[in-house]
Structure formats: C-alpha cells, structure tokens
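Observations on the model geometry
Letter by letter, the chains look like this.
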Amino acid sequence: MDTAALILTIIGAINWGLVGFAKFDLVAWLCGGQTALISRIIYALVGLAGLWCITLLFRKHEEH
C-alpha cells in the first residue's frame, strides 16, 4: 500500500509541477478534461494517496 501511495503521490506532484510551470494538466489532457469521470477518479486517488503518505511521517522506521 505504501508503494502504491508513493507512486500516486509522485504522479500528482509531477502533474502539479506541470500545471505550475507550463499551465498543462497532464491528467486532464490524457483523460478528456478535468471534469471527465476518469480524471476525477485519478485526482481523488492521488488525494487519498497523499493522505496515506502523511502516515509515513509518523511511523517508526525498521531497518532490515
């Protein structure tokens, strides 16, 4: 779950970077606009992944 959340968070960070630097929303472009159902699902999953990643800050790290 942690890996999936990190991947989604990275995708979101890249997308927001593109929006900020180039005014280009990659997710919207790939999925048919910001209001398309698939875009909204991706945005929601990225948001949930970001929330999940907050828990990583408070976990004790185990060394293997």
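Residues numbered from 1 in each chain as written. Predicted model: local features only at pLDDT ≥ 70, side-chain atom pairs only at ≥ 80, totals over all residues. Heavy atoms only, no water.

Another point: the overall build of the protein chain. Looking only at helices and strands, the protein chain has three helices and zero strands in total. In sequence order, the protein chain lays out its α and β elements as α-α-α. Whereas a compact globule of 64 residues would reach a radius of gyration of roughly 11 Å, the protein chain reaches 14 Å, over 25% beyond that. When its C-alpha atoms are laid out on the principal axes, the protein chain stretches across 45 × 25 × 15 Å. Looking at the protein chain residue by residue over its 64 residues, the buried ones come to 17%. (Helix = DSSP H or I, 4+ residues; strand = E, 2+ residues; numbered from the N terminus. Rg over C-alpha atoms; globule rule 2.2 N^0.38 Å. Buried < 20%, exposed > 50% of the residue type's maximum accessible area, 1.4 Å probe, protein only.)

Moving on: helix H1 (residues 2-22). Between its first and last C-alpha atoms H1 spans 29 Å; for 21 residues at 1.5 Å apiece the expected length is 30 Å, and the two agree. Along H1, the residues that are buried comprise Ala5, Gly12 and Asn15. All buried residues of H1 project into a common sector of 95° when viewed along the axis, lining one side. For H1, the exposed residues set more than 90 degrees away from the buried face come down to Thr3, Ile10 and Phe21. Where H1 is buried, its residues meet helix H2 (26-31) and helix H3 (37-57). (Expected span 1.5 Å × (residues − 1). Arc of directions from axis to C-beta. Contact = heavy atoms within 4.5 Å.)

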